[in-house]
Structure formats: structure tokens, C-alpha cells
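# Reading the structure
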Amino acid sequence: MHIVGFSGNLSRPSRTRTLVQAVLDEASARGLGTTALYDLIDAGPGFGQTTERSKVQPEVEAVLSAIEKSDALVVGTAVYKGAYTGLFKHMFDQFDMTALARKPVVLTATGAAPAHASVIDYHLRPLFLFFDTLVATRGLYALQPDFETPDRLVESFHARVERTVDELAQLLQVRSGKTSS
Ligand SMILES: Cc1cc2nc3c(=O)[nH]c(=O)nc-3n(C[C@H](O)[C@H](O)[C@H](O)COP(=O)(O)O)c2cc1C
């Protein structure tokens with residue numbers, strides 16, 4: 001299995017990227033598969049000008065293609081104005097509506113306000129249900145106190161990462177046909 005992370009951060013270091021990486025690291029430690037992480041910076045500075053998939057820059061196509069070929073996806077976004085970042089949505093606007101069908105997806109986000117944990121259920125979940133993905137029931141939302149530094153989650157947060165990866169493992173079993181959805 002190959003698990004791809006995509007983080008909608010616009011700068012590095014990034015708490016969102018750190019959160020997605022933590023989920024990938026736990027998945028890797030459990031032997032669930034190989035992992036790779038991409039973010040909006042990997043898509044290059046011209047990504048916002050992309051309007052047609054056929055005309056995207058090679059670095060954008062590399063990210064899109066990695067997402068499409070993955071066996072599972074861990075997505076993350078910083079909360080901007082109560083929702084996902086515009087460029088996070090723009091990335092997923094490039095896909096055909098069937099491109100991600102039945103792919104397990106874990107939803108994560110970081111923000112400054114506890115109330116905006118709702119981004120998981122009001123913004124991310126409808127987007128990934130539109131794509132007919134296997135969306136994990138529980139999302140993972142981290143606030144600034146959940147990080148020691150932007151590069152490092154506090155130790156006590158790890159139990160939540162583990163619980164998230166428990167569900168990812170179950171979804172991967174569904175994908176591989178070992179159990180039913
Ligand atoms: C333009 C902008 C808008 C933001 N809007 C919100 C918001 O509506 N709600 C919230 O909880 N945090 C908001 N934040 C805070 C970020 O979501 C938070 O700092 C996040 O962890 C940053 O992630 P990053 O380190 O990956 O960039 C905003 C930050 C910026 C820069």
C-alpha cells in the first residue's frame with residue numbers, strides 16, 4: 001500500500017504539514033505501507049494560475065498524479081476564514097469526479113479557534129464525499145497548544161494520532177478486500 005499525504009499549507013514550517021506527517025509516520029511505523037507527503041509549496045508558486053489539468057506545470061502534475069495513484073490519502077488544511085484554504089480546494093478542483101472513488105481518506109486540519117474544528121465536517125467531509133471516497137469517521141483537528149513548535153506535536157497528542165491510524169488501517173483492509181465497508 002502507498003499512503004500519500006497532502007497538506008494545504010502555504011508556508012513552511014507548517015503545523016498542518018506536521019500533523020499530516022505525524023499520521024503518515026504512525027502508519028509507516030505500523031507497517032501499513034510506504035508514505036509520501038506533498039504540500040502546496042511542492043505545487044510551485046504558479047499553481048493558483050492553473051485552470052486546466054492539461055496545462056498544469058510538471059510539479060503540479062506530479063502532486064496530482066501521486067494523489068490519484070495512492071492507495072489512501074491523508075489530507076490536511078489550515079483553517080482560513082472558517083474553511084479550507086482556497087488553494088487546497090483548488091488542488092482538488094483539478095480532479096475528475098471519479099478519480100478518487102473508493103480511496104480511503106483521513107481528514108485533518110489545524111486552526112487557532114476550537115470552534116473551527118467544524119471545518120472537518122462542514123467543509124472537508126462534503127468535498128471527499130463528493131469524490132465518493134471512503135472517508136474516515138473521525139477527523140483530527142489540532143490547535144496551537146497541541147504543538148511544542150510548528151515542527152513538533154506535544155507528546156500527549158499522539159494518542160489521537162494513533163486512534164486516527166487505527167481507522168486508516170481498517171479502511172485499508174476494506175480497500176484490499178479483506179473486509180466489507
Ligand atoms: C489568513 C488566515 C486566516 C485564518 N483564519 C482562521 C480561522 O478562520 N479560524 C481559525 O481557527 N484559525 C484561522 N487561522 C489560523 C490558522 O488556521 C492556524 O494558525 C493554522 O494552524 C496555520 O497552519 P500552518 O502552520 O500549516 O500554516 C488563520 C490564519 C491565517 C494566516
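Residues numbered from 1 in each chain as written. Predicted model: local features only at pLDDT ≥ 70, side-chain atom pairs only at ≥ 80, totals over all residues. Heavy atoms only, no water.

### Looking at the pattern of salt bridges
Per the stated rule, a full pass over the model turns up 12 salt bridges. For Arg-12, the salt bridge identified is with Asp-39, shortest N-O distance 2.7 Å. With a gap of 27 residues between them, Arg-12 in the loop between strand S1 (2–8) and helix H1 (15–29) and Asp-39 in strand S2 (residues 34–39) connect regions that are remote in the sequence. Note on Arg-12: relative accessible area 43%, which makes it partly exposed. Residue Arg-175 pairs with Asp-71 through a salt bridge whose shortest N-O separation is 3.9 Å. Linking Arg-175 in helix H5 (residues 158–175) with Asp-71 in the loop between helix H2 (58–69) and strand S3 (72–78), this pair joins segments that are 104 residues apart in sequence. Taking the relative accessible area as the measure of exposure, Arg-175 reaches 32% and is therefore partly exposed. The structure contains a network of salt bridges with shared partners spanning Arg-12, Arg-17, Asp-39 and Asp-42. (Salt bridge = Lys/Arg side-chain N within 4 Å of Asp/Glu carboxyl O. Helix = DSSP H or I, 4+ residues; strand = E, 2+ residues; numbered from the N terminus. Buried < 20%, exposed > 50% of the residue type's maximum accessible area, 1.4 Å probe, protein only.)

### Comments concerning unusual backbone geometry
The peptide bond linking Arg-12 to Pro-13 adopts the cis configuration, its omega dihedral lying at 0°. Among the secondary structure elements, Pro-13 is positioned in the loop between S1 and H1. Even without being glycine, Lys-81 reaches a positive phi, approximately 50°. Residues other than glycine seldom take positive phi values, yet Asp-132 does so here, at roughly 60°. Note that Asp-132 resides in the loop between helix H4 (119–130) and strand S5 (134–135). Look at Asp-132 and you get partly exposed, because its relative accessible area is 40%.

### Here we look at the packing of helix H3 (residues 86–93) against H4
Between H3 and H4, whose axes approach to 12 Å, the crossing angle comes to 5°. On the basis of the axis angle, H3 is roughly parallel to H4. On H4, the residues touching Phe-88, Lys-89 and Phe-92 of H3 are Leu-124, Leu-127 and Phe-128. Considered class by class, the residues forming the contact of H3 with H4 number 5 nonpolar, no polar and 1 charged. (Axes fitted to C-alpha atoms, helices over the stretch in contact; angles between N-to-C directions. Parallel < 35°, antiparallel > 145°, perpendicular 65-115°, else oblique. Contact = heavy atoms within 4.5 Å. Nonpolar A, V, L, I, M, F, W, Y, C, P; charged D, E, K, R; others polar.)

### Side note on the nonpolar core
Ile-67, Phe-88, Met-91, Phe-92 and Phe-128 are the most contacted members of the largest nonpolar core, which has 30 residues in total. Broken down by secondary-structure element, the contributors of at least two residues to this core are S1, H2, S3, H3, strand S4 (104–111) and H4. The element that contributes the greatest number of residues to this core is H4, accounting for 5 residues. In contact with Phe-92, other than residues within four places in its own chain, are Phe-6, Ile-67, Leu-73, Val-75, Leu-100, Leu-127, Phe-128 and Phe-131. Ranked by size, the runner-up nonpolar core spans 26 residues in total, among them Ala-22, Ala-136, Val-154 and Val-161. (Core = buried A, V, L, I, M, F, W, Y, C linked by side-chain atoms within 4.5 Å.)

### Focus: the pairing of S2
Pairing of S1 with S2, which is carried by 6 bridges, proceeds in the parallel orientation. Each bridged residue has a counterpart across the sheet, and for His-2 the counterpart in S2 is Thr-34. Between the parallel pair S1 and S2, the chain is carried across by H1, and the sense of this crossover is right-handed. (Pairing = 2+ DSSP bridges. Right-handed = clockwise from strand over helix to strand, strands pointing away.)

### Thoughts on the side chain of Asp-146
Checked against the element boundaries, Asp-146 lands in the loop between strand S6 (140–143) and strand S7 (147–149). No salt bridge is formed by the buried Asp-146; its nearest oppositely charged neighbour, Arg-160, is found at 4.3 Å. Apart from residues lying up to four places away in sequence, Asp-146 is in contact with Tyr-141, Leu-153, Val-154, Phe-157 and Arg-160. (Lys, Arg positive; Asp, Glu negative; His and termini not counted.)

By themselves, these observations are geometric and do not establish any function.
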